[in-house]
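Chain by chain, the residues:
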Amino acid sequence: MKLILITGRTLKQGCSSMLGKDSPDYLEETARAEMNREDLDSRGLKEGARIKARTDAGVALFTCQEGKVPRGIIFVPSGPLANQLVGTDTQGSGMPSSKGVEVEVEPAEKGLSS
(Lines give C-alpha, C1' and ligand atoms only; values in the text may rest on other atoms or scores of the structure.)
Protein backbone atom coordinates (compact mmCIF):
# COMPACT_ATOMS: atom_id res chain seq x y z
CA MET A 1 0.00 0.00 0.00
CA LYS A 2 1.42 3.36 -1.02
CA LEU A 3 1.43 6.42 1.22
CA ILE A 4 1.05 10.07 0.26
CA LEU A 5 4.15 12.21 0.75
CA ILE A 6 3.80 15.61 2.39
CA THR A 7 6.91 17.75 2.85
CA GLY A 8 7.29 20.93 4.86
CA ARG A 9 9.53 22.89 7.17
CA THR A 10 9.84 22.14 10.88
CA LEU A 11 10.75 24.45 13.74
CA LYS A 12 13.84 22.39 14.59
CA GLN A 13 14.88 22.48 10.95
CA GLY A 14 14.57 26.28 10.88
CA CYS A 15 16.65 26.68 14.03
CA SER A 16 19.33 24.23 12.91
CA SER A 17 19.58 25.84 9.47
CA MET A 18 21.13 28.83 11.25
CA LEU A 19 24.08 26.52 12.00
CA GLY A 20 24.29 25.66 8.32
CA LYS A 21 22.54 23.15 6.11
CA ASP A 22 25.51 20.83 6.47
CA SER A 23 25.30 20.87 10.29
CA PRO A 24 24.62 17.54 12.02
CA ASP A 25 21.37 18.89 13.57
CA TYR A 26 19.98 20.02 10.20
CA LEU A 27 20.95 16.79 8.44
CA GLU A 28 19.44 14.68 11.23
CA GLU A 29 16.17 16.64 11.18
CA THR A 30 15.78 16.34 7.41
CA ALA A 31 16.59 12.61 7.45
CA ARG A 32 13.50 11.55 9.41
CA ALA A 33 10.02 10.58 8.31
CA GLU A 34 6.85 10.70 10.39
CA MET A 35 4.15 8.10 9.94
CA ASN A 36 0.91 7.18 11.67
CA ARG A 37 1.26 4.37 14.24
CA GLU A 38 -1.05 2.10 12.21
CA ASP A 39 1.06 2.61 9.07
CA LEU A 40 4.22 1.77 11.02
CA ASP A 41 2.62 -1.36 12.48
CA SER A 42 1.20 -2.56 9.15
CA ARG A 43 4.73 -2.46 7.71
CA GLY A 44 6.34 -4.07 10.74
CA LEU A 45 8.33 -0.91 11.51
CA LYS A 46 9.45 0.34 14.90
CA GLU A 47 10.35 3.90 15.76
CA GLY A 48 13.97 4.54 14.89
CA ALA A 49 14.02 1.96 12.09
CA ARG A 50 15.62 2.86 8.79
CA ILE A 51 13.20 2.95 5.87
CA LYS A 52 13.54 3.20 2.13
CA ALA A 53 11.04 5.56 0.47
CA ARG A 54 10.56 5.29 -3.30
CA THR A 55 8.65 7.50 -5.72
CA ASP A 56 8.67 7.71 -9.51
CA ALA A 57 11.36 10.39 -9.10
CA GLY A 58 13.79 8.52 -6.86
CA VAL A 59 14.71 6.77 -3.63
CA ALA A 60 15.82 8.08 -0.22
CA LEU A 61 16.55 6.62 3.19
CA PHE A 62 15.03 7.96 6.40
CA THR A 63 14.73 7.16 10.09
CA CYS A 64 11.05 6.63 10.84
CA GLN A 65 9.13 7.86 13.83
CA GLU A 66 5.54 7.96 14.92
CA GLY A 67 3.95 11.30 14.14
CA LYS A 68 0.61 13.01 14.46
CA VAL A 69 -0.23 12.51 10.81
CA PRO A 70 -3.35 10.89 9.38
CA ARG A 71 -3.18 7.28 8.27
CA GLY A 72 -1.88 7.03 4.72
CA ILE A 73 0.39 10.09 5.01
CA ILE A 74 4.16 10.25 5.42
CA PHE A 75 5.65 13.61 6.44
CA VAL A 76 9.26 14.40 5.55
CA PRO A 77 10.97 17.71 6.36
CA SER A 78 11.98 19.60 3.22
CA GLY A 79 15.63 19.11 2.42
CA PRO A 80 18.11 17.14 0.36
CA LEU A 81 16.47 13.75 0.92
CA ALA A 82 12.94 15.02 0.30
CA ASN A 83 14.21 16.55 -2.96
CA GLN A 84 15.23 13.07 -4.13
CA LEU A 85 11.57 12.03 -3.88
CA VAL A 86 9.77 14.99 -5.45
CA GLY A 87 11.63 15.12 -8.76
CA THR A 88 12.26 18.07 -11.04
CA ASP A 89 9.06 18.46 -13.08
CA THR A 90 7.58 21.86 -12.23
CA GLN A 91 4.69 21.73 -14.71
CA GLY A 92 5.65 25.26 -15.72
CA SER A 93 5.37 26.69 -12.20
CA GLY A 94 9.09 26.77 -11.38
CA MET A 95 8.50 24.65 -8.25
CA PRO A 96 8.18 20.84 -8.19
CA SER A 97 5.21 19.29 -6.42
CA SER A 98 6.22 18.47 -2.85
CA LYS A 99 2.82 17.37 -1.60
CA GLY A 100 0.50 14.61 -2.71
CA VAL A 101 3.24 12.42 -4.22
CA GLU A 102 2.66 8.66 -3.98
CA VAL A 103 5.47 6.87 -2.14
CA GLU A 104 6.26 3.24 -1.38
CA VAL A 105 7.83 2.62 2.03
CA GLU A 106 9.68 -0.49 3.14
CA PRO A 107 12.34 -1.40 5.69
CA ALA A 108 15.82 -0.44 4.49
CA GLU A 109 18.33 -3.20 3.95
CA LYS A 110 20.85 -3.51 6.75
CA GLY A 111 24.08 -1.69 6.03
CA LEU A 112 22.43 0.71 3.61
CA SER A 113 23.20 4.37 4.29
CA SER A 114 21.78 7.61 2.90
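For the structure given in this document, a descriptive report is provided here. What you are looking at is a predicted structure, and each value in this text was computed from that prediction instead of being measured.

## What to know about the environment of V105
- Inspection of the secondary structure puts V105 in strand β6 (residues 99-107).
- Separated by 51 residues in sequence, V105 and R54 place their C-alpha atoms 6.6 Å apart.
- Setting aside its immediate chain neighbours within four residues, V105 contacts L3, M35, R43, L45, I51, K52 and I74.

## A word on the nonpolar core
- If you look at the biggest cluster of nonpolar residues, it comprises 21 residues, and the most contacted ones within it are L5, M35, I51, F62, I74 and V105.
- When residues of this core are assigned to their parent elements, the largest contribution, four residues, is made by helix α4 (residues 80-86).
- Among all residues touching I51, those that are not within four sequence positions of it are A33, M35, L45, A60, L61, F62, C64, I74, V105, E106, P107 and A108.

## Looking at the pattern of salt bridges
- Counted according to the given criterion, the structure contains nine salt bridges.
- Here E102 ties to K2 by a salt bridge, and the two come within 3.8 Å at their closest N and O atoms. Of this pair, E102 sits in strand β6 while K2 sits in the segment before β1 (3-8), and the two are 100 residues apart along the sequence.
- The class of E102 is partly exposed, set by a relative accessible area of 48%.
- With relative accessibility at 42%, the residue K2 sits in the partly exposed group.
- Notably, a salt bridge pairs R71 with D39, separated by 3.3 Å at the nearest N-O pair. Here R71 is found in the loop between β4 (59-66) and β5 (73-77), whereas its partner D39 is found in helix α3 (residues 37-42), with 32 residues between them in sequence.
- The exposure class assigned to D39 is buried, which follows from its relative accessible area of 0%.
- One network of salt bridges, with partners in common, ties together E38, D39, R43 and R71.

## Structural notes on the side chain of E34
- Counting through the fold element by element, E34 comes out in strand β2 (residues 32-35).
- Here E34 falls in the buried class, since its relative accessible area comes to 17%.
- Side-chain polar atoms of E34 contact the side chain of R32, separated by 2.6 Å.
- In contact with E34, other than residues within four places in its own chain, are Q65, G67, K68, V69, I73, I74 and F75.

## Quick look at the environment of A57
- Considering the arrangement of structural elements, one finds A57 in the loop between β3 (50-54) and β4.
- The sequence separation of A57 and Q84 amounts to 27 residues, and the corresponding C-alpha distance is 6.8 Å.
- In this view, A57 contacts Q84, L85, V86 and G87; residues no more than four positions away in its chain are not counted.

## Re the pairing of β5
- Burial of β5 is extensive: five of the five residues sit out of reach of the surface.
- Residue alternation in β5 divides its side chains into two sets, I73, F75 and P77 and I74 and V76, and both sets are buried.
- In terms of strand pairing, β1 meets β5 through five bridges, oriented parallel. Residue G8 lies in a different strand from β5, and its bridge partner there is P77.
- Alignment of β2 against β5, held across two bridges, turns out to be antiparallel. Considered in β5, the bridge of E34 is made with F75.

Cut-off values and rules
- Residues numbered from 1 in each chain as written.
- Predicted model: local features only at pLDDT ≥ 70, side-chain atom pairs only at ≥ 80, totals over all residues.
- Heavy atoms only, no water.
- Helix = DSSP H or I, 4+ residues; strand = E, 2+ residues; numbered from the N terminus.
- Contact = heavy atoms within 4.5 Å.
- Core = buried A, V, L, I, M, F, W, Y, C linked by side-chain atoms within 4.5 Å.
- Buried < 20%, exposed > 50% of the residue type's maximum accessible area, 1.4 Å probe, protein only.
- Salt bridge = Lys/Arg side-chain N within 4 Å of Asp/Glu carboxyl O.
- Polar contact = N/O pair within 3.5 Å; in protein donor to acceptor, adjacent residues only side chain to side chain.
- Pairing = 2+ DSSP bridges.

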